[in-house]
Amino acid sequence: MKYLGLDLGSKTLGIAVSDGTGLIASSYKTIRHNEEYDRLLDEVKSIVEELNIAAIVLGFPKNMNNTIGPKGELSLSFKEKLEQILDIPIYLQDERLTTKSATDMLIMGNVSRKDRKKVVDSVAATIILQSYLDRRDK
C-alpha cells in the first residue's frame, strides 16, 4: 500500500511518498503555489493517479497548546476538498515542529541555506509521513 505525505504551507506544498510496502517515506517534490490551493488539488490528484497512491497523510498543524489555529483550519479545508475529488482515505498527522526538525536535519547534513529552502518542505512531508507510518504499525 503506497502513501502520499503532504506538508501544506502558505507558499509551498511539500510532498513525500512511501515505498510500495508502506514502510519507508522518501521526499518526492515541492510545489510552489502562492495560495492557489485549488490548483494544488489537480496536481495532487494527478500524482495520486500516476503513483497509484492508496491513502494520503496530510500534516495537521496544531498550536503548541493543542488548539487549532488558522493554519490548522486551512489543512482541514484542504482535506475536505481532497475528499471531494479523491476516493481514497486521507489521514491527518500532527506536524508540530516538523519544519524545524527538517531544517535541523539539513543543517547537520551541511546543506546550504539556498538549497535548504528548495527541499525543506518535502523533507518535512517525509517526516510527517514517516511519523504516521511508524505510529500506524503499533
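For the structure itself, look to the data block above.
Let me begin by describing the structure that accompanies this report. Along every chain, residues carry numbers that run from 1 in the direction the sequence is written. Local features in this predicted model are restricted to residues whose pLDDT is 70 or higher, and side-chain atom pairs enter the listing and the counts only when it is 80 or higher, whereas totals over whole chains, interfaces and linings include all residues. Excluding hydrogens and water, the side-chain values take into account all heavy atoms of the structure.

**A word on unusual backbone geometry**
Right, on to step 1. Phi is positive for N34, close to 50°, though the residue is something other than glycine.
Right, on to step 2. Helix and strand labels come from DSSP, where a helix needs a run of H or I of at least four residues and a strand needs a run of E of at least two; each type is numbered from the N terminus. Tracing the backbone shows N34 in the loop between β3 (25-32) and α1 (37-51).
Right, on to step 3. A positive phi angle is found at E35, which is not glycine, with a value near 65°.
Right, on to step 4. Its location among the elements puts E35 in the loop between β3 and α1.
Right, on to step 5. Only protein chains enter the accessibility calculation, which uses a 1.4 Å probe; a residue whose area is less than 20% of its type maximum is buried, one above 50% is exposed, and one in between is partly exposed. Overall, the relative accessible area of 52% leaves E35 in the exposed class.

**A short note on the packing of aromatic side chains**
For any pair of aromatic rings, the description consists of the separation of the ring centres together with the inter-plane angle of the planes.
Right, on to step 1. For Phe, Tyr and Trp, where Trp contributes only its six-membered ring, two rings pair if their centres lie within 6.5 Å, and the inter-plane angle classes them as stacked under 30 degrees, edge-to-face over 60, or tilted in between. Following the criterion strictly, the structure yields two aromatic pairs and no others.
Right, on to step 2. With centroids separated by 5.2 Å and ring planes inclined at 20°, the aromatic side chains of Y91 and Y132 adopt a geometry described as stacked. Note that Y91 is positioned in strand β5 (residues 90-94) and Y132 in helix α4 (residues 113-136), a separation of 41 residues in sequence.
Right, on to step 3. With relative accessibility at 32%, the residue Y91 sits in the partly exposed group.

**Quick word on the sheet that holds β3**
Right, on to step 1. At least two bridges found by DSSP between two strands is the condition for calling them paired. Reading across the sheet, the five strands line up as β3-β2-β1-β4-β5 and stay open at both edges, with mixed pairing between neighbours. Pairing within the sheet leaves two strands with one partner each, and these edge strands are β3 and β5. Ignoring which end each strand starts from, the neighbouring axes of this sheet average 25° apart.
Right, on to step 2. In this structure, strand β1 (residues 3-8) lies alongside strand β4 (residues 55-60), joined through four bridges in parallel fashion. When the sheet's bridge partners are listed, L6 is paired in β4 with L58. Axes here refer to lines fitted to C-alpha atoms; in helices the fit is confined to the stretch in contact. Angles between the N-to-C directions go from 0 to 180 degrees.

**Some remarks on the side chain of E95**
Right, on to step 1. Its location among the elements puts E95 in the loop between β5 and α3 (98-108).
Right, on to step 2. Charged residues are defined here as Lys and Arg on the positive side and Asp and Glu on the negative side; His and the ends of the chain fall outside this count. Here, a salt bridge means any Lys or Arg side-chain nitrogen found within 4 Å of an Asp or Glu carboxyl oxygen. Nearest to the buried, unbridged E95 among oppositely charged side chains is K71, at 8.0 Å.
Right, on to step 3. In what follows, a contact means two residues having at least one pair of non-hydrogen atoms within 4.5 Å. Setting aside anything within four residues of it in sequence, one finds E95 in contact with D7, G59, F60, P61 and I128.

**Quick notes on α1**
At 3.6 residues per turn, the α-helix brings residues three or four places apart onto the same side.
Right, on to step 1. By this rule the span expected of a helix is its residue count minus one, scaled by 1.5 Å. For α1, spanning 15 residues, the distance from its first C-alpha to its last is 21 Å, which sits close to the expected 21 Å at 1.5 Å a residue.
Right, on to step 2. Those residues of α1 that sit buried are Y37, L40, L41, V44, I47, V48 and L51. The buried residues of α1 occupy an angular sector of 135° when projected down its axis, which confines them to one face. Among the exposed residues of α1, those oriented more than 90 degrees off its buried face are D42, E49 and E50.
Right, on to step 3. Its buried side turned inward, α1 meets β1, β2 (12-18), β3, β4 and α2 (70-85).
Right, on to step 4. At the exit of α1 stands N52, carrying a positive phi of roughly 55°. Starting at the helix axis, one direction is taken to each C-beta atom, and the arc is that of these directions.

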